[in-house]
Protein chains: 2
Amino acid sequence: MSLIVKKFGGSSVSSPEKILNVVKRVIADKKAEDKIVIVVSAMGKTTDRLISLASAISGCPYQYKREMDMLLASGEQVSIALLAMAFQNYGVPAISLTGRLAGIRTDDKHTKGTIVSIDTKRILSELAQNKIVVVAGFQGSDNQDEPVTLGRGGSDTSAVALAGALKADCCEIYTDVKGIYTADPHLVVNATKMSDITYEEMLEMSRLGACVMQTRSVEVGQKLGIPIHVRSTFVDDEGTVIQTDSQRQEGLIRGVSYLDKITQIAICNEDIEGLYQELRENLIALDIEYDFFRHAHVYDNNKIGDALILAVEQGDFYAVQPLIRKIMQKYIAVDISIKEGMAKISVISNKINGDKAIYDKFCQALGKANIDMLMMNRHALSISCLLENKDLSRAVQVIHDEFFPARV
Amino acid sequence: MSLIVKKFGGSSVSSPEKILNVVKRVIADKKAEDKIVIVVSAMGKTTDRLISLASAISGCPYQYKREMDMLLASGEQVSIALLAMAFQNYGVPAISLTGRLAGIRTDDKHTKGTIVSIDTKRILSELAQNKIVVVAGFQGSDNQDEPVTLGRGGSDTSAVALAGALKADCCEIYTDVKGIYTADPHLVVNATKMSDITYEEMLEMSRLGACVMQTRSVEVGQKLGIPIHVRSTFVDDEGTVIQTDSQRQEGLIRGVSYLDKITQIAICNEDIEGLYQELRENLIALDIEYDFFRHAHVYDNNKIGDALILAVEQGDFYAVQPLIRKIMQKYIAVDISIKEGMAKISVISNKINGDKAIYDKFCQALGKANIDMLMMNRHALSISCLLENKDLSRAVQVIHDEFFPARV
C-alpha cells in the first residue's frame, strides 16, 4: 500500500473536461490498495477573475486582506466539489474538504499565511473508508477558524505539507511542464529534463528564476524529507524528483536560471558607511530580496565618487521607493540613479563556492559572446551575472551550451 | 438604537456597480447608533453557473448532495467578501461571515437544510465593535461543521431567522419588486401595493402562487414574531410589512394569486375507496402538494363511472408518475387520463371559510366572463378555481376588477 498526495494546478482543472481527464488518470494509475489524497487549485483563471472583481470594488483591494482571503478561498471550494463529484460519478468514493475541514491550521497572516500544523484525523478517517480525499490547496484557517490563504502558488505548499503530515510515500506535483529542465525549454531548445535534483539546488534555481515550484513548498519538502515528483498532467512520462541525496559529482553544473525584470539602483553620497547600514536594515525589515549590493567607485560627470549599488526585482521596486524618498530627505547631496531593463543569469550546482574554474568558464563564455557583464556574484550554490535585458536570451543559450554541450 | 437585518438577493448584487449601490444606500439609510446585519445571496446568476458546471461533470449532480452544498456555498462567499470590502472602502467598518462563522447551525439534510439554531455570539461581538456584519445567506453548517445549503430562496429564511435570533427590530427584504401586490402587476396593471399583510395571508398567497418570498421564511417570521418589510432595492419607497396583526375587516379580499402550470389527473376504477386511501397516503409520503382531490361521477364513452380527480403542479408530475404506474399494475381495469395546460386562480383573505357571499361573487364574476370553472375549492383563507390555462390572464383581471374595483 502506498499513500500518495497528488497536486493538480489551476491549468490542469480549468474546465469540466479537464477535470474529468484528471479524475480518469488518477483512477487509472491507482492500485487497489493505494490511498490517494488530491490537492487542487482553483479552476484556471478563477483567482484572477476574483481579484478583478475585488479591484472593481476598491482600487487597492489587498489592503482588506481578511476579506481577500474570504473571497479567494471560494475558488478552490468549486474545484474540490467538482472533482469529488467526478470521482463518485465514475463509481469511486470520494469527498471534498476545504483547507479548514482537512485540518490545515495556519497563522493569522491573511493573504500570506504559513501552515503551522495539520490535524490529519479527518483525512485519515475518510481514507480508512476507502475514499479519495480531495483537499483545497492554497488555504487553511487560523486558530479563530478564519479563512487564510497561503499566497500565490500556495497549493504546492499545501500538498507537500499534507504529504509530510500524512507520512506519505510521495508527493506528486502535476503541472503543465514535464519536470525540471536544465534551462527554460522555451528559451533553450536543447534543454534537458533532469531525473532528480536536491532540495538545495531546486531552492537556488527557484530563487534565481525557475518558477516551476513555489519556493516555500520545496523548503517544506526539505524540512519534512518528502520526495517531490514534478511531472506533467497531460503526458504520462516520469518527471523530476526533488529529494535529499544525489550521487552526482560535486561542482557539476545542474542548471541555468534567469530573472528578466531587474532594476539597478545606484546611490551616491559621502556617508557611504551610514547609508549602507541603514539601507540593509530597511531592506531586511521590508523583506525585499536584493542582490549585487556593494560599495563601488563610480565615475560620473568627470568626477569619481562613492556609490552604493544594488539590484531588485522590478516588481519589488514600488516597495523600495518610499525607502529611497526617506534617504533623499535624510542625507544631503544624495544622488540616486535608477536603471530598469536589466536581467540576471545564474548557474546552479550543489557545490560551487570558491570553484574558480567554474567562475572562469562562466565569464569566458559570456566574454567570447561579447555580452557585457555588468556585475558578478558568487553564492554557495550559484554564480550570477547582471546584464542588459537585450542580451539575456543569447546569454542563456551561450551558458547552457558551455555547461551542457550537446552529446554527439 | 435599532438592530436591523437587511437581505439583498442575487439580482441586487449582480455586479460590482450594483454592490456599490447597495452599500451606498445602506450607509445613507443608517442612523449613527443603528446596528446593521446584511444577509446576501450569491451574485446574479452565480448559482445557475455553478449548477451548470456540475451538470457538465455529472448528468445528475444533485445525487451528490453533500458536494453540491460544498459547490453552491462558495457563491455567497464571493458576495459577502465584496460587500464587506465595499463598506470598508467607504470608511465604514464591516466584516463578512459565512453561514458557519455567523453561527447558523442546520440539520444535515444537504441541499434542503433547515436552520436548527443560531449562536449569535460572533455577530454580537462584531456589532459591538461598530461593524456592519455581512452574512452569507442560503447556508449554514451541520453539527459536523459540514456545509449545508437551505434550498433555493433560502437567503430569505437566513435573514428572518437571524432577525429572530438577534431580536432585531425589523427584517427588511430588498428585492426587485416594490412589495406585495393585490395581484401580479405584470398581469394586472391596476394591481396595488399593500402596506401590510398578515403572515397567514402571505403564506396562503405564496402557497397559491405569489413567489415574492420563500414560504419557509414567512413561517419562520410568524413563529418568531419578526415583522418582515418587503421593499425595492432600486426605489426608495416603503414596501409591504408582513406582520401578525391587521386592523382590517374580516372577510375582505386581500389578493389574487395564480399558478399557471397545473396537471389534472383522473383515475377511473371500481374500487374508488381503496384507491383514495392509497393515493392520499402516498402523496403525503412523497411530500407532493395536491389540490381538487375528490371523488366524482364522470360521464365517458356513454357510460357513467366513478373517478378520483386531483391536480398537481406540472413540476411535481414527474414525481407522481411512478405512483401512477404502481396503481396501474395493482388495480384491474383502471383507466387514467392526464390533462396538462391547466391553471388555478385563487382569492385570499384573512377569513373566508364559509363566507358564501364571497364564493358566490367569485363564481358569478367568472361566469359572467364566460370562463369555464372546472373545479372549485374552499380553504380557510382562500377560494380556488381550476380552469384552462388559456383563460387564466383574463380570469385574473376579471377577479381583480371584481374585488378591487378601481377607485373613481
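Given the structure is predicted, the values throughout are model-derived calculations rather than measurements.

Cut-offs and rules
- Residues numbered from 1 in each chain as written.
- Chains lettered and ligands numbered in written order.
- Predicted model: local features only at pLDDT ≥ 70, side-chain atom pairs only at ≥ 80, totals over all residues.
- Heavy atoms only, no water.
- Helix = DSSP H or I, 4+ residues; strand = E, 2+ residues; numbered from the N terminus.
- Buried < 20%, exposed > 50% of the residue type's maximum accessible area, 1.4 Å probe, protein only.
- Phe/Tyr/Trp six-rings, centres within 6.5 Å; stacked < 30°, edge-to-face > 60°.
- Lys NZ or Arg CZ within 6 Å of the ring centre and 35° of its normal.
- Pairing = 2+ DSSP bridges.
- Axes fitted to C-alpha atoms, helices over the stretch in contact; angles between N-to-C directions.
- Contact = heavy atoms within 4.5 Å.
- Least-squares fit on C-alpha atoms with pLDDT ≥ 70 in both.
- Buried area = accessible area lost by both parts, 1.4 Å probe.
- Salt bridge = Lys/Arg side-chain N within 4 Å of Asp/Glu carboxyl O.
- Nonpolar A, V, L, I, M, F, W, Y, C, P; charged D, E, K, R; others polar.
- Disulfide = S-S within 2.5 Å.
- Polar contact = N/O pair within 3.5 Å; in protein donor to acceptor, adjacent residues only side chain to side chain.
- Parallel < 35°, antiparallel > 145°, perpendicular 65-115°, else oblique.
- Left-handed = near helix turned anticlockwise from the far one by under 90°.

A. Expanded view of unusual backbone geometry. Although it is not a glycine, A:Asn130 sits at a positive phi angle of roughly 60°. In this structure, A:Asn130 sits in the loop between helix 4 (121-128) and strand 6 (132-136). Given the relative accessible area of 56%, A:Asn130 is considered exposed. One non-glycine residue with positive phi stands out, namely B:Asn370, at about 60°. Of note, B:Asn370 is situated in the loop between helix 10 (356-368) and strand 17 (375-378). The class for B:Asn370 is exposed, based on a relative accessible area of 67%.

B. Looking closely at the packing of aromatic side chains. Tallying each qualifying case throughout the model produces six aromatic pairs over all chains. Ring geometry for B:Tyr290 against B:Phe293: centres 5.4 Å apart, planes inclined by 80°, an arrangement best described as edge-to-face. Look at B:Phe293 and you get buried, because its relative accessible area is 13%. Put simply, the rings of A:Tyr276, A:Tyr290 and A:Phe293 pair up and form one aromatic cluster. Taking NZ or CZ as reference, A:Arg378 lies 4.3 Å from the ring centre of A:Tyr359, over its face.

C. Fine view of the sheet that holds strand 10 (residues 196-198) of chain A. Residue and element names in this part refer to chain A. The strand order across the open sheet built from eight strands is 3-6-2-1-9-11-12-10, with neighbouring strands paired in mixed fashion. If you trace the sheet from one side to the other, it starts and ends with strand 3 (94-97) and strand 10, each paired once. Each adjacent strand pair in this sheet contributes to an overall mean axis angle of 20°, direction not counted. Pairing analysis gives five bridges linking strand 9 (residues 170-175) to strand 11 (residues 228-232), with the strands arranged parallel. The residue bridging Cys171 from the neighbouring strand is Ile228, located in strand 11. Contacts from helix 1 (residues 16-29) reach strand 1 (3-8), strand 2 (35-40), strand 6, strand 9 and strand 11 within the one sheet, and its direction differs from that of strand 1 by about 160°.

D. How the structure looks around the pairing of strand 2 of chain A. Residue and element names in this part refer to chain A. Buried residues dominate strand 2, accounting for six of its six residues. Here strand 2 shows two buried faces, one formed by Lys35, Val37 and Val39 and the other by Ile36, Ile38 and Val40. Sheet topology places strand 1 next to strand 2; six bridges connect them, and they run parallel. Note on strand 2: the bridge partner recorded for Leu3 is Lys35. Pairing between strand 2 and strand 6: four bridges, direction parallel. Within the sheet, the bridge partner assigned to Ile38 lies in strand 6 and is Val134.

E. Just the sheet that holds strand 11 (residues 228-232) of chain B, in detail. Residues and elements named next belong to chain B. Taken together, the eight strands give an open sheet; going across it, the order is 3-6-2-1-9-11-12-10, and neighbouring strands pair in mixed fashion. Each end of this open sheet is capped by a strand with a single partner; those strands are strand 3 (94-97) and strand 10 (196-198). With direction set aside, neighbouring strand axes in the sheet form an average angle of 20°. Here four bridges tie strand 3 to strand 6 (residues 132-136), and the two strands are oriented parallel to one another. Paired with Ser96 across the two strands is Val134, which belongs to strand 6.

F. Representation of the relation of the copies chain B and chain A in the model. Superposition record for chain B on chain A: RMSD 0.3 Å, screw rotation 179°, translation along axis 0.1 Å. The superposition operator between the copies reduces to a two-fold rotation axis. Residues of chain B ranked by C-alpha distance from the rotation axis are headed by B:Ser74, positioned 2.3 Å from it. Most of the interface of chain B is mirrored in chain A, where 100% of its interface residues again form contacts.

G. Spotlight on the interface of chain B and chain A. Contacts between the two partners involve 42 residues from chain B, matched on the other side by 42 residues from chain A. Counting the surface lost from both chain B and chain A, the interface buries some 3,400 Å², and carbon and sulfur atoms represent 64% of this. Seen at the junction of chain B and chain A, the total is four salt bridges. Sorting the residues of the side of chain B that touches chain A by element identifies helix 1 (16-29), helix 2 (46-57), helix 3 (65-89) and strand 3 of chain B as the ones contributing at least two each. It is helix 3 of chain B that contributes the most residues to the side of chain B that touches chain A, 17 residues altogether. For the side of chain B that touches chain A, the residue count by class is 27 nonpolar, eight polar and seven charged.

H. Region of the structure containing the state of the cysteines. All names here are of chain B. Counting across every chain of the model gives zero disulfides over all chains. Note on Cys170: no disulfide assigned, nearest cysteine sulfur contributed by Cys171 at a separation of 6.8 Å. The class for Cys170 is buried, based on a relative accessible area of 17%. For Cys171, a relative accessible area of 0% puts it in the buried group.

I. The arrangement of the side chain of A:Arg66 in detail. Structurally, the position occupied by A:Arg66 is in helix 3 (residues 65-89). For A:Arg66, a relative accessible area of 12% translates into the label buried. Among the polar contacts made by the side chain of A:Arg66, one reaches the side chain of A:Glu67 at a distance of 3.2 Å. Leave out the neighbours within four places in its chain, and A:Arg66 touches A:His110, A:Glu146, B:Ile95, B:Ser96, B:Leu97, B:Leu101 and B:Arg122.

J. Quick peek at the environment of A:Met68. Position of A:Met68 among the secondary structure elements: in helix 3. Its relative accessible area of 0% is what places A:Met68 among the buried residues. Distance from A:Met68 to A:Ser55, taken between C-alpha atoms, is 11 Å for residues 13 residues apart in sequence. Those residues in contact with A:Met68, other than ones at most four positions away along the chain, are A:Ile51, A:Ala54, A:Pro61, A:Tyr62, A:Thr111 and B:Met85.

K. Local environment of helix 6 (residues 199-207) of chain B. All names here are of chain B. Counting buried positions along helix 6 yields seven of nine residues, so the element is predominantly enclosed. Within the span of helix 6, buried status applies to Tyr199, Glu201, Met202, Leu203, Glu204, Met205 and Ser206. At the C-terminal side of helix 6, Gly209 shows a positive phi close to 130°.

L. Structural view of the packing of helix 2 (residues 46-57) of chain A against helix 3 of chain B. Here helix 2 of chain A crosses helix 3 of chain B at 30°, and the two axes come no closer than 9 Å. Between helix 2 of chain A and helix 3 of chain B, the angle is such that the two are roughly parallel. Like other packed secondary-structure pairs, helix 2 of chain A and helix 3 of chain B cross with a definite hand, here right-handed. Together, A:Leu50, A:Leu53, A:Ala54 and A:Ile57 of helix 2 of chain A and B:Val78, B:Leu82, B:Met85, B:Ala86 and B:Asn89 of helix 3 of chain B make up the contact between the two elements. Residues that form the contact of helix 2 of chain A with helix 3 of chain B fall into these classes: eight nonpolar, one polar and no charged.

M. Molecular detail of the pattern of salt bridges. Tallying each qualifying case throughout the model produces 39 salt bridges over all chains. Its salt-bridge partner being B:Glu146, residue A:Arg122 comes within 2.7 Å of it at the nearest N-O pair. Highlighted residues: A:Arg122 in helix 4 and B:Glu146 in the loop between strand 7 (139-141) and strand 8 (147-149), drawn from two different chains. Given the relative accessible area of 22%, A:Arg122 is considered partly exposed.

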